Amino acid sequence: MIRLTDKEFNDIVTFIKDNYGINLTKKRQLIESRMQVVLTNRGLTNFTDYFNLVKQNKSDEITAMLNKLTTNHTYFYREPAHFEFMKNVFLPMQEKTNTRKELRIWSAGCSSGEEAYTTIMTMMEYFGLKRTSWDYRILATDISLKAMEAAKNGLYGAESLKELPKTWEMRYFNKQGNDYYELKDEVRNQVIFKRLNLMEPFPYQKPFDLIFCRNVMIYFDQPTKNALINKFYDALKPGGYLFIGHSETVQRDTSEFIYVEPSIYRKG
Ligand SMILES: C[S@@+](CC[C@H](N)C(=O)[O-])C[C@H]1O[C@@H](n2cnc3c(N)ncnc32)[C@H](O)[C@@H]1O
C-alpha cells in the first residue's frame, strides 16, 4: 500500500480547495484508498509524483481524480419540487411577462445531463404546441468531461429513469434492448454542454432567467459557497430564480437573494 504523508495530504487539499473550491479535508482515507489503483496504473510509487502530474496536466488528470473522490450521481426528475415550481409558477409568469419569448436557463454542475434534459421535458410538456414560438435552450456545464460525454451520448440505464413519469419515458426515449433508453434528438438537441469550473469567472455576458446548481455545493466550504452564490446572483436577470439542492441553503446575511420556498431563491 502506498502511504499518503501529512505533507502530501495538506498539499493536495490546499491545491484542490484553491482551484476547485472542493473541500477534501475529511477525505484522507478516501484519497489514500481510492487513488492506489490510479498510482499503480501509472507506474508511480508515491503520492508526490502523482500530485505533480495532477498539477501539470490540469483538466484530464484532475477530473479523473475528482471523479474518484466526489460523486457524479444524478437521475431524471430528481427533486421534483423544482419542476413543479417551473410548471406552476415560473413558466406561467414567463408567459405573462416575457414578451420576447426567450428563456435562458443554466444547469451548473450538470453531471451526465439528467437535470438539464428533465428541464427541457418540463418545458415541452408545459408549452405543448406553443413551444415553437419560444426560444429556449439550456446551457449545461460541469468540470467533468467524462460526465458530459455521457450526457451528450444520451443513453441511460433504467435506474436513471425510475423517477421519471412513465408517459415522459415513452414520449422522449427510444428503448434499446432491455436495459437502455436513448433520449430522442428533439430533447438532446436543445442542451448545449460546455466544460466550466465554477471557481473561475463566468464567461457569460447575457443574464439568465433560471439557474440550477443542485447538489454541487455540498463539496464546498462556506466562504466558497457564499462567493459562488453571489456570482449566481450577478449572473441572473432581476426576478430570476436560483434552484439549489434540498439539503443546501443560502445564508440569509451573506446574499441578497429572496427566499421563496425551500431550495428556491429569487433575485429582487
Ligand atoms: C452530484 S452531481 C449533481 C448533478 C445534478 N446537478 C443533480 O443535482 O442531480 C455534482 C456535480 O458537480 C460537479 N462539480 C463539482 N465541483 C465543480 C466545480 N468546481 N465546477 C463545476 N462542476 C463541479 C461534479 O463534477 C458533479 O458532476
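Above this text is the structure in question.
The paragraphs below set out a description of the structure included in this document. (Residues numbered from 1 in each chain as written. Predicted model: local features only at pLDDT ≥ 70, side-chain atom pairs only at ≥ 80, totals over all residues. Heavy atoms only, no water.)

**Some thoughts on the overall build of the chain**
The helix and strand tally for the chain stands at eleven helices and ten strands. For the chain, whose C-alpha radius of gyration is 20 Å, the value lies close to the compact-globule estimate of 18 Å for 268 residues. Each principal axis of the C-alpha distribution contributes one length, and for the chain these read about 60 × 50 × 30 Å. Accessible surface computed for the chain: about 13300 Å², of which carbon and sulfur atoms make up 49%. Within the chain, the 33 negative side-chain charges are centred at a point lying 2 Å from the centre of the 38 positive side-chain charges. (Helix = DSSP H or I, 4+ residues; strand = E, 2+ residues; numbered from the N terminus. Rg over C-alpha atoms; globule rule 2.2 N^0.38 Å. Areas by Shrake-Rupley, 256 points an atom, 1.4 Å probe, with all protein chains shown as cover. Lys, Arg positive; Asp, Glu negative; His and termini not counted. Charge placed at Lys NZ, Arg CZ, Asp CG, Glu CD.)

**Regarding the nonpolar core**
Counting residues in each nonpolar core, the largest one holds 48 residues, and the members touching the most others are Ile16, Ile31, Trp106, Leu198 and Phe232. Ranked by residue count, the leading element in this core is helix 1 (residues 6-20), at six residues. Both domains that furnish three or more residues to this core are identified here as domain 1 (6-69) and domain 2 (81-151 + 191-266). If we ignore the near neighbours within four places in the chain, the residues touching Leu198 are Trp106, Ala108, Cys213, Val216, Leu228, Lys231 and Phe232. One finds Ala140, Met148, Val187 and Leu210 within the second-largest nonpolar core, a separate group that totals 39 residues. (Core = buried A, V, L, I, M, F, W, Y, C linked by side-chain atoms within 4.5 Å. Buried < 20%, exposed > 50% of the residue type's maximum accessible area, 1.4 Å probe, protein only. Domains from an automatic or database assignment. Contact = heavy atoms within 4.5 Å.)

**Topic: the pairing of strand 5 (residues 180-183)**
Of the two faces of strand 5, the one lined by Tyr181 and Leu183 is fully buried and the one lined by Tyr180 and Glu182 carries no buried residue. Sheet analysis places strand 3 (residues 155-157) next to strand 5, joined by three bridges and oriented antiparallel. Counted as the bridge partner of Tyr156 is Tyr181 from strand 5. Summarising the sheet, strand 4 (residues 173-176) and strand 5 pair through four bridges and their orientation is antiparallel. (Pairing = 2+ DSSP bridges.)

**What to know about the packing of aromatic side chains**
Applying the stated criterion across every chain, the model contains 27 aromatic pairs. An angle of 85° between the planes, with centres 5.9 Å apart, marks the rings of Phe85 and Phe243 as edge-to-face. Taken as a pair, Phe85 in helix 6 (residues 81-97) and Phe243 in strand 8 (residues 236-244) lie far apart in primary sequence, 158 residues in all. Exposure class is identical for Phe85 and Phe243. Each is buried. Measuring from ring centre to ring centre gives 6.5 Å for Tyr117 and Tyr156, while their planes differ by 80°; the resulting arrangement is edge-to-face. Taken together, the residues span a long stretch of sequence, with Tyr117 in helix 7 (residues 114-127) and Tyr156 in strand 3 at a distance of 39 residues. (Phe/Tyr/Trp six-rings, centres within 6.5 Å; stacked < 30°, edge-to-face > 60°.)

**Points about the packing of helix 6 against helix 7**
Running from N to C, helix 6 and helix 7 cross one another at 55°; their axes reach a closest spacing of 10 Å. Comparing the axis directions of helix 6 and helix 7 gives the class oblique. Crossing of helix 6 against helix 7: the hand is right-handed. Facing helix 6, whose interface residues are Phe83, Met86, Lys87, Leu91, Pro92 and Glu95, helix 7 presents Glu115, Thr118, Thr119, Thr122, Met123, Tyr126 and Phe127. Class assignment for the residues of the contact of helix 6 with helix 7 results in seven nonpolar, three polar and three charged. (Axes fitted to C-alpha atoms, helices over the stretch in contact; angles between N-to-C directions. Parallel < 35°, antiparallel > 145°, perpendicular 65-115°, else oblique. Left-handed = near helix turned anticlockwise from the far one by under 90°. Nonpolar A, V, L, I, M, F, W, Y, C, P; charged D, E, K, R; others polar.)

**So, the pattern of salt bridges**
Inspection of every chain in the model, using the stated rule, returns 17 salt bridges. Linking Glu102 and Arg100 is a salt bridge whose minimum nitrogen-to-oxygen distance equals 3.9 Å. The network of salt bridges with shared partners includes Arg100, Glu102 and Lys206. (Salt bridge = Lys/Arg side-chain N within 4 Å of Asp/Glu carboxyl O.)

**Considerations on the side chain of Thr118**
Inspection of the secondary structure puts Thr118 in helix 7. Within the structure, the side chain of Thr118 is placed 2.6 Å from the backbone oxygen of Glu114, a separation counted as a polar contact. Setting aside residues up to four positions removed in sequence, Thr118 forms contacts with Phe76, Tyr77, Phe83 and Trp168. (Polar contact = N/O pair within 3.5 Å; in protein donor to acceptor, adjacent residues only side chain to side chain.)

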